[in-house]
Each structure stands twice: as structure tokens, then as C-alpha cells.
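Close look at the chain arrangement
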Amino acid sequence: MSSSVKETFKGVAVETRPAPAPPAPAALAAKVRTLAPTMTRSMQRVAETVASDPAGCAALTVTGLAERTGTSEATVVRTSRLLGYPGYRDLRLALAALAAQQAAGGAPAVTADIAVDDSLVDVVAKLAQEEQQCLADTAAGLDVSQLEAAVAALSTARRIDVYGIGASSLVGQDLVQKLLRIGLIAHAHADPHLAVTNAVQMRTGDVALAITHSGRTTDVIEPLRVAFDHGATTIAITGRPDGEIAAYADHILTTSTARESELRPAAMSSRTSQLLVVDCLFIGVAQRTYETAAPALSASYEALAHRHQP
């Protein structure tokens, strides 16, 4: 379902959501890490090659890159578009900009996977580096205009429902407890059946927020679709802005993830980037509602202060 179909359903004449802008050069490596597992082998070769050697690839024509990766020109163009660029020319410009950033000392670090025989010292260092890179990638790729729109909707919402399963459910609970402390009415739904039955009650002026890294978790998509159909403003936090969840989201907040490995599942790194987005949403809402948020926060601190005394 497109945005324009929803707006007709609501009886509001609004233009269809514009196409997202190409990712910033600094977000290219993150985009490759996120999308590579879903690409064909030939597209993976193209994506991983441009991410590992942006300077060298920026100097290549589409034919040259196809020859270097053992693929076709059509594969190079398709990969460029999947990464968020209108064509290969736009990807080359981004590669040149990324190469310039790396030459100036801003190159993204690439760490090795955690091995089963790594010492805890190495585990700490590798995890810290991966977490830092994941946060930096998410910040670089986050569409601030979408974030501002989501903050505006949450700030004036009559009611907020948050949907998530597994690790994403924990992130949803984190957001809800923050919103409750500044006086907003918010609920986190981890049970898919309860999520749908509650979504039926959503109306215009309410906000439904779904968290799914894959963008295709049925138990999260279904309640968001129901809320969408009933007129609520919908927000998706996802690592796949082109996933099925996008069809029912008014606002999409894209997250990044570190490389998945045997000892580091995707849920670990996706949680890190999701928490960053959640914190941005909360701070944005608290700023917009400061006159009521500040007293509410103070009251919650005071109510719990005696529990923290020795």
C-alpha cells in the first residue's frame, strides 16, 4: 500500500512521500554491511569491492568495475541502485568523497570477527570497536527530516503503541519507559496477538511505532498495518528501509548493523543502533514538550529517590 492510498483513505490530500536521498558517503560501508547478506553473489562482490577500496573503484568506469569484480555492467548498475544511488555515476561520486574522507584520517575501521579462542581483552576491544562503528554508521545514515517528523508526531500523540519481537521488543520497552516518565501514554506490545487487538483501537492522532531490523517480521508488520489502516501515524525503525514494513510506515528511521558472525548475531548490533535511534526520539520529544516533560521527570526522580538511599 502506498502513502497516497493511505492518505485517500484518511480523506487528506497530501503528496506521496518523496524518494529518499542517496546515502552520505560515510554511510556507504554501513549500507554494504546491512544489505550484503540479501544480495546475489555477484552483487555482493561489487558491493564489497567498492566498500573496501573506494579510491580505486572511484577511478573505474562501469565497465572497469564489472571487469574487476568478474560481473556485468548491469550487475554494477543494479548494485548501485540497491545501495541507494540512482546510478553508477552517483555511486562513483560517493566513492570519491569517501576516499577523500579516508585520506584525511576519517576512514572507518574494520575489525576482525570474534574468534572462539580470543582472550577477553580482545573480545572487549573488538566489541567496543564494532559498537562504535555501528553507532557512527547509524548516525551518518539517519534521515534527520524523517526523525523530526517522527518526533513531531510522538510529541502530540494521544496514545503511542510500540511493536517489537525478541531483541527489538527490549528496545521498544526502553522507549516506552522513557516516554512514560515524561507523561506520555505509551504501551509496548511483545505479544503479536495483543499487538493486533490493540492496533484495532488506534485512530488519527495516535502513533504506532514498529521496530524490526529485517523489515519483514510478520508479527511486527501486521499490527503496524492495522494501525495504519485505522488512521494512526506510523513509524518504522528498521535496517531495511526497502523491506515490507515500509509499505505501512509514514516515517522510516534507518539503522545500521555490524557484520554478523558466529559469536555475534545480528540482533546484538541491531539493538545497539536501535537504541541510538530510540534515544534520539526521546530527547527530541522531551525538547518539544519541555514545559511538561521537565516537571514529569523531576516527579519521577523524586518518587524513586528513597529507593536509592543507602
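This one's a predicted model, so the numbers in the text were calculated from it and none came from an experiment.

Describing the overall build of the chain
Scanning the chain from terminus to terminus reveals 14 helices and five strands. Counting across all 310 residues of the chain, residues that qualify as buried make up 44%. A total of about 15,100 Å² of accessible surface is found on the chain, and carbon and sulfur atoms cover 58% of it.

Regarding the side chain of glutamine 146
Mapped onto the secondary structure, glutamine 146 falls in helix α9 (residues 144–155). Among the polar contacts listed, one links the side chain of glutamine 146 to the backbone nitrogen of isoleucine 252, at a separation of 2.8 Å.

Observations concerning helix α6 (residues 73–82)
Along α6, the positions that sit buried rather than exposed are Thr75, Val76, Thr79 and Ser80. Down the axis, α6 shows its buried residues gathered within 140° of arc, on one side only. Glycine 84 sits one or two residues past α6 and shows a positive phi near 105°.

Structural notes on the sheet that holds strand β4 (residues 233–238)
Hydrogen bonds between backbone groups are what pair the strands of a sheet, and the pairing can be parallel or antiparallel. Spatially, β2-β1-β3-β4-β5 is the arrangement adopted by the five strands of the open sheet, whose pairing is parallel. A single partner strand is all that each edge strand has here, and the edge strands are β2 (186–189) and β5 (251–254). Between one strand axis and the next, the sheet turns by 15° as a mean value, whatever way the strands run. Where β4 and β5 come together, four bridges link them in parallel fashion. Its bridge partner being in β5, alanine 236 is matched across the sheet by isoleucine 252. Against the sheet, helix α10 (residues 167–181) makes contact with β1 (160–164), β2 and β3 (207–211), and its axis sits at roughly 170° relative to β2, the strand it touches most. Contacting β1, β3 and β4, helix α12 (residues 218–229) runs over the sheet at an angle of about 160° to β3.

Quick look at the packing of aromatic side chains
Note on aromatic pairs: each is described by the distance of the centres and the angle between the planes. All told, the structure shown has one aromatic pair when counted by the stated rule. An angle of 80° between the planes, with centres 5.8 Å apart, marks the rings of phenylalanine 228 and tyrosine 248 as edge-to-face. Separated by 20 residues along the polypeptide, phenylalanine 228 in helix α12 and tyrosine 248 in the loop between β4 and β5 bring together distant segments of the chain. In this pair, the class of phenylalanine 228 matches that of tyrosine 248, namely buried.

What to know about the packing of helix α11 (residues 192–199) against α12
Remark: α11 packs on α12, axes separated minimally by 8 Å, with the N-to-C direction vectors making an angle of 10°. In this view, α11 runs roughly parallel relative to α12, as classed from their interaxial angle. For the pair α11 and α12, contact is made by Pro192, Ala195, Val196 and Ala199 and by Asp219, Glu222, Pro223, Val226 and Ala227, respectively. In terms of residue class, the contact of α11 with α12 is made up of seven nonpolar, no polar and two charged.

What to know about the confidence of the model for the chain
Of the residues in the chain, 84% have a pLDDT of 70 or more, and the chain-wide mean is 85. Note on residues 8–15: pLDDT is under 50 here. Beyond four places in sequence and across chains, it has seven contacts. Below a pLDDT of 50 lies the segment residues 107–111, which in the model reaches 11 contacts outside its immediate sequence neighbourhood of four places, other chains included.

Here we look at the pattern of salt bridges
Per the stated rule, a full pass over the model turns up eight salt bridges. Salt-bridge contacts for arginine 225 lead to aspartate 229; the nearest nitrogen and oxygen are separated by 3.3 Å. Linking arginine 225 with aspartate 229, this pair stays in helix α12, spanning four residues, or about one helical turn. Assessed through its relative accessible area of 30%, arginine 225 is described here as partly exposed. Because the salt bridges share partners, they merge into one network encompassing Asp174, Lys178 and Asp279.

Examining α12
What sets the pattern is the α-helix's 3.6 residues per turn: residues three or four places apart point alike. Taking 1.5 Å of rise per residue, 12 residues should cover 16 Å, and α12 covers 16 Å from first to last C-alpha, within 8% of that figure. A positive backbone phi angle near 100° is found at glycine 231, which sits one or two residues after α12.

Concerning the nonpolar core
Judged by nonpolar contacts, the single largest core of 28 residues is most densely connected at Ile160, Leu179, Leu209, Ile237, Leu253 and Leu281. Going through the elements one at a time, α9, β1, α10, β3, β4 and α13 (266–288) are the ones with two or more residues in this core. Apart from the residues within four sequence positions on either side, leucine 281 is in contact with Leu147, Ala150, Val151, Leu154, Leu209, Ile237 and Leu253.

Section: the side chain of threonine 69
Here threonine 69 is to be found in helix α5 (residues 62–69). According to the relative accessible area criterion, threonine 69 is buried, its value standing at 7%. Looking at threonine 69, its side chain comes within polar contact range of the main-chain oxygen of alanine 66, at 3.4 Å. For threonine 69, the residues in contact, after removing those within four places along its chain, are Arg45, Val46 and Thr49.

Criteria and cut-off values
- Residues numbered from 1 in each chain as written.
- Predicted model: local features only at pLDDT ≥ 70, side-chain atom pairs only at ≥ 80, totals over all residues.
- Heavy atoms only, no water.
- Helix = DSSP H or I, 4+ residues; strand = E, 2+ residues; numbered from the N terminus.
- Buried < 20%, exposed > 50% of the residue type's maximum accessible area, 1.4 Å probe, protein only.
- Areas by Shrake-Rupley, 256 points an atom, 1.4 Å probe, with all protein chains shown as cover.
- Polar contact = N/O pair within 3.5 Å; in protein donor to acceptor, adjacent residues only side chain to side chain.
- Arc of directions from axis to C-beta.
- Pairing = 2+ DSSP bridges.
- Axes fitted to C-alpha atoms, helices over the stretch in contact; angles between N-to-C directions.
- Contact = heavy atoms within 4.5 Å.
- Phe/Tyr/Trp six-rings, centres within 6.5 Å; stacked < 30°, edge-to-face > 60°.
- Parallel < 35°, antiparallel > 145°, perpendicular 65-115°, else oblique.
- Nonpolar A, V, L, I, M, F, W, Y, C, P; charged D, E, K, R; others polar.
- pLDDT = per-residue confidence, 0-100.
- Salt bridge = Lys/Arg side-chain N within 4 Å of Asp/Glu carboxyl O.
- Expected span 1.5 Å × (residues − 1).
- Core = buried A, V, L, I, M, F, W, Y, C linked by side-chain atoms within 4.5 Å.

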